[in-house]
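Given next are the chains, with one letter for each unit.
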Amino acid sequence: MGVRGVRLYCATLAIRSIEPGLLPGLLASLAKAPTLSTSNPHRLPSTVAREDEHLLVAAAKAGDASAFEELVNRYERKIFRLTMNITRNREDAEDAMQDAFMKAYSHLAKFQEASRFYTWLVRIAANEALMRLRKRRPNQVSLDEPIESEDDFIPQQIEDWGPSPEQRFAQTEMRDILRGVIDELPPDFRIVFLLRDVEGLSTEETAETVGISEAAVKSRLLRGRLKLRQKLDRHFRQNGKKH
Amino acid sequence: MNCKGVITRISSYIDGDLEATVVEEIELHLKQCQECTILVQQTKVTVHLYYDSDLTDYPVEVQARLHETLRRKIRRERK
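Residues numbered from 1 in each chain as written. Chains lettered and ligands numbered in written order. Predicted model: local features only at pLDDT ≥ 70, side-chain atom pairs only at ≥ 80, totals over all residues.

1. As for the overall build of chain B
Our working rule: The numbering of helices and of strands both runs from the N terminus, where a helix is a DSSP run of H or I of at least 4 residues and a strand a run of E of at least 2. Using C-alpha atoms as the atom set, the radius of gyration is obtained and then compared with a globule rule of 2.2 Å times the number of residues to the power 0.38. Around each residue's C-beta, the other C-beta atoms within 10 Å are counted; 20 or more make the residue buried, 12 or fewer make it exposed, and counts in between make it partly exposed. All C-beta atoms are placed from the backbone.
Within chain B, the secondary structure is distributed over four helices and zero strands. Helices (α) and strands (β) of chain B occur, in sequence order from the N terminus, as α-α-α-α. Here the C-alpha atoms of chain B give a radius of gyration of 23 Å, more than 25% beyond the 12 Å that 2.2 N^0.38 yields for 79 residues. With respect to the principal axes defined by its C-alpha atoms, chain B has extents near 70 × 25 × 15 Å. Taking all 79 residues of chain B together, the buried fraction comes to 20%.

2. Quick look at the interface of chain B and chain A
How large an interface is tends to be reported as the accessible area lost when its parts come together. Where we set the bar: Here, residues touch in the contact sense if the C-beta positions derived from the backbone fall within 7 Å of one another. Only Asp, Glu, Lys and Arg are considered charged, only Ala, Val, Leu, Ile, Met, Phe, Trp, Tyr, Cys and Pro nonpolar, and every remaining residue, Gly among them, polar.
Facing the 32 residues of chain B at the interface are 37 residues of chain A. Where the side of chain B that touches chain A is concerned, the elements lending two or more residues are helix 1 (3-14), helix 3 (34-50) and helix 4 (60-78) of chain B. A total of 10 residues in the side of chain B that touches chain A trace back to one element, the largest contributor, which is helix 3 of chain B. Looking at the side of chain B that touches chain A, its residues break down into 15 nonpolar, 11 polar and six charged.

3. A look at the confidence of the model for chain B
Stated precisely, the cut-off is as follows: What pLDDT conveys is the predictor's confidence in a given residue, as a value from 0 to 100.
Looking at chain B as a whole, the pLDDT averages 92, with 99% of positions reaching at least 70. Put simply, helix 4 of chain B is where chain B has its lowest mean pLDDT, 90, and helix 2 (residues 20-32) of chain B is where it has its highest, 96.

4. Here's the deal with the packing of helix 5 (residues 90-106) of chain A against helix 6 (residues 117-136) of chain A
Residue and element names in this part refer to chain A. Applicable threshold: Note on geometry: axes are C-alpha line fits, over the in-contact stretch for helices, and angles between N-to-C directions span 0 to 180 degrees. An angle counts as roughly parallel when it lies under 35 degrees, as roughly antiparallel when it exceeds 145, as roughly perpendicular when it falls between 65 and 115, and as oblique in every other case. Crossings are classed by handedness, with left-handed meaning an anticlockwise turn of the near helix from the far one by less than a right angle and right-handed meaning a clockwise turn.
Axis separation between helix 5 and helix 6 bottoms out at 8 Å; the angle between their running directions is 140°. By the angle class used here, helix 5 and helix 6 are oblique. In the crossing of helix 5 with helix 6, the sense of the turn from one axis to the other is right-handed. Packed against helix 5, whose contacting residues are Asp92, Ala93, Asp95, Ala96, Met97, Asp99, Ala100, Lys103 and Ala104, the element helix 6 presents Leu121, Ile124, Ala125, Glu128, Ala129, Arg132 and Arg136 at the interface. Partitioning the contact of helix 5 with helix 6 into residue classes produces nine nonpolar, no polar and seven charged.

Written as structure tokens, this is what we have:
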């Protein structure tokens, strides 16, 4: 564990005696803690999160509510992003996120520390979100391989995108493009792409979460990536911003 | 290997999930095919753009309701 990880953990321990069990109190105390240079604990670099995560999990497992709260503070934004991306419905996304954290809290004792807490949490949240999506759109999310011929995803007319798209578009504009394009993807492909390429789960973890084979994950990921590339091509090629 | 062979393996190729002999075949094809080279590059850019991307706002009221719900649950379970 690095120095910053130790400091954060010490700050968390110190705060426990000041504000036990209250999220706003914890947030405010963390913001004021002299060992933290940032006023927003959500924005700590991910390397720090990885380094001390197991300490927080161990403390939370031992019954320390404020350690669990720190884990919530750290991952709530990402978990909402995931449930929103899967369900595309704000009410479902919020319910799925709440239930995911409640379940994580209730089942913390069962968590095997061989994997990252975040990965475990992502899988719980993805399941909650998928359950709601399947309920709302029962015919759109299948466990079977989507019927599609190989020729459907063979790209036509490949053209260079020119200079790096990241440099050509403003951050907000790029975000709108990425969001619009992924929304057009059929749910089967979107969910596998989200878990593998946005959240960084392994093929095996994605397969277990969605309830499909690893071969199906690979097949959907290939098609999902190619479909997204094709849809992005529309923006990156036709936009008048070419240099 | 032809273009179709590359396209069907493009995902595994960029993930480094292929046997060395298959990678060699793909790279031999890429040296001769500009379209497949662009396709591989654009697929990599696509994956890169989405990785850990923050596409959704996290409304403060959603955050507040989550904290309130969890606080109530923790209090309840401690009793």
